[in-house]
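Architecture at a glance
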Amino acid sequence: MVSRPVSDDTVHLNEKVQIAAKILVVGHFAVGKTTFIGTMSEIPPLRTEETMTQAGEGVDDLKGIKGKTTTTVAMDFGRLTLTDRLVLYLFGTPGQQRFVQVWEDMSRGALGALVLVDPQRLKESFAVMDLVEKYGIPYAIAVNHFDGTPVRSDEELREALDLLPETPVVTCDARDTKSSANALMVLVRYLQSRTRKE
C-alpha cells in the first residue's frame, strides 16, 4: 500500500517486504490518545501512565474532564497490522506543554499523525497542531466524540481549526474499534495520496 519504506524497520517475511510505518497519535491533554491506542493495538499496548497528584492540580486543567486520574508521562505504543505488507506502529505523545521536548524524538521517522480533538475543547488543539506543522508531519483530524459531546458540522470544524481544504476530518469514538480503525484508514489513504503526488 505504501510505495516506499518509511523506516529502517523493514523486514522480510515469507519473501515479501513488510513495511513498518510510524504513526503518531497526538492531541491535547485528556483527549483520548491512550484509549485510542489501547483500542487499536493488536498487542498489549505499552503505557507510561502515572497517577495524577495534588502537585499537578495547578498545572493540568481538569475543567470539564470527569474521572481523569492518570496521565501519560512519556508515550503510549501499539502495533496494528493493516495488510500482509503494512504494519502501523502507533506512538502516542503526552498532551501537556511541559512534555514538548519529547516531540522532537517522537517525530523522527513519522509518516503521519492522527490528531485527536475534543469538540468541546477545540482551542486546546491549536498548540498540538502547531507542533505537528512545525515538524512537517502530514496529518488528519479525528474528532473524538464522547457521550453527550456536541456534534459539529465539517465546515464548522474546519473553520474553527483553520484547516487546509485537503486536510481530512473524520469523527470517531476512541473506545470503539470500528470507528477508530476508520479514522486510521482515512489517515493512511491521505498519506498514500500524498505519496503518489510526490
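Note that this is a predicted model, so its numbers are computed, not measured. (Residues numbered from 1 in each chain as written. Predicted model: local features only at pLDDT ≥ 70, side-chain atom pairs only at ≥ 80, totals over all residues. Heavy atoms only, no water.)

**Points about the nonpolar core**
Residues Ile23, Phe36, Leu88, Leu90, Leu114 and Leu184 are the most contacted members of the largest nonpolar core, which totals 25 residues. Within the residue set of this core, elements represented by two or more residues are β2 (16–27), α1 (33–40), β5 (86–92), β6 (110–117), β7 (139–144), β8 (169–172) and α5 (177–197). A per-element tally of this core places α5 first, with five residues. Those residues in contact with leucine 90, other than ones at most four positions away along the chain, are Ile23, Val25, Ile37, Met40, Asp76, Phe77, Gly78 and Leu184. Of all hydrophobic cores here, the second largest spans 23 residues; its members include Val117, Leu122, Ile141 and Val143. (Core = buried A, V, L, I, M, F, W, Y, C linked by side-chain atoms within 4.5 Å. Buried < 20%, exposed > 50% of the residue type's maximum accessible area, 1.4 Å probe, protein only. Helix = DSSP H or I, 4+ residues; strand = E, 2+ residues; numbered from the N terminus. Contact = heavy atoms within 4.5 Å.)

**Some thoughts on helix α4 (residues 154–161)**
Every buried residue of α4 is listed here: Leu157, Arg158 and Leu161. Along α4, the residues classed as buried sweep out an arc of 100 degrees about the axis, all on the same side. With respect to the buried face of α4, the exposed residues turned more than 90 degrees away are Glu155 and Glu159. Residues of α4 that are buried sit in contact with α3 (126–134), β7 and β8. One or two residues past the end of α4 sits aspartate 162, with phi positive at roughly 55 degrees. (Arc of directions from axis to C-beta.)

**Quick word on the packing of α1 against α5**
Running from amino to carboxyl end, α1 crosses α5 at an angle of 100 degrees, the nearest separation of the two axes being 9 Å. By the angle between their axes, α1 is roughly perpendicular relative to α5. Where α1 abuts α5, its residues Phe36, Thr39 and Met40 lie against Thr177, Ser180, Ala181, Ala183 and Leu184. Here the contact of α1 with α5 is built from residues that sort into five nonpolar, three polar and no charged. (Axes fitted to C-alpha atoms, helices over the stretch in contact; angles between N-to-C directions. Parallel < 35°, antiparallel > 145°, perpendicular 65-115°, else oblique. Nonpolar A, V, L, I, M, F, W, Y, C, P; charged D, E, K, R; others polar.)

**Thoughts on the side chain of serine 180**
Relative to the elements of secondary structure, serine 180 occurs in helix α5. On the basis of relative accessibility, which here comes to 0%, the residue serine 180 falls in the buried class. In contact with serine 180, not counting residues within four places along its chain, are Phe36, Thr39, Met40, Cys172, Asp173 and Ala174.

**Concerning the environment of tyrosine 135**
Looking at the secondary structure, you find tyrosine 135 in the loop between α3 and β7. The class of tyrosine 135 is partly exposed, set by a relative accessible area of 27%. When the C-alpha positions of tyrosine 135 and serine 107 are compared, they lie 7.0 Å apart, and in sequence the two are 28 residues distant. Contact partners of tyrosine 135, with chain neighbours within four places excluded, come to Trp103, Glu104 and Ser107.

**Concerning the side chain of arginine 121**
As for its position among the elements, arginine 121 is in the loop between β6 and α3. The buried category is assigned to arginine 121, whose relative accessible area is 10%. At 3.3 Å, the side chain of arginine 121 and the backbone oxygen of phenylalanine 29 are in polar contact. (Polar contact = N/O pair within 3.5 Å; in protein donor to acceptor, adjacent residues only side chain to side chain.)

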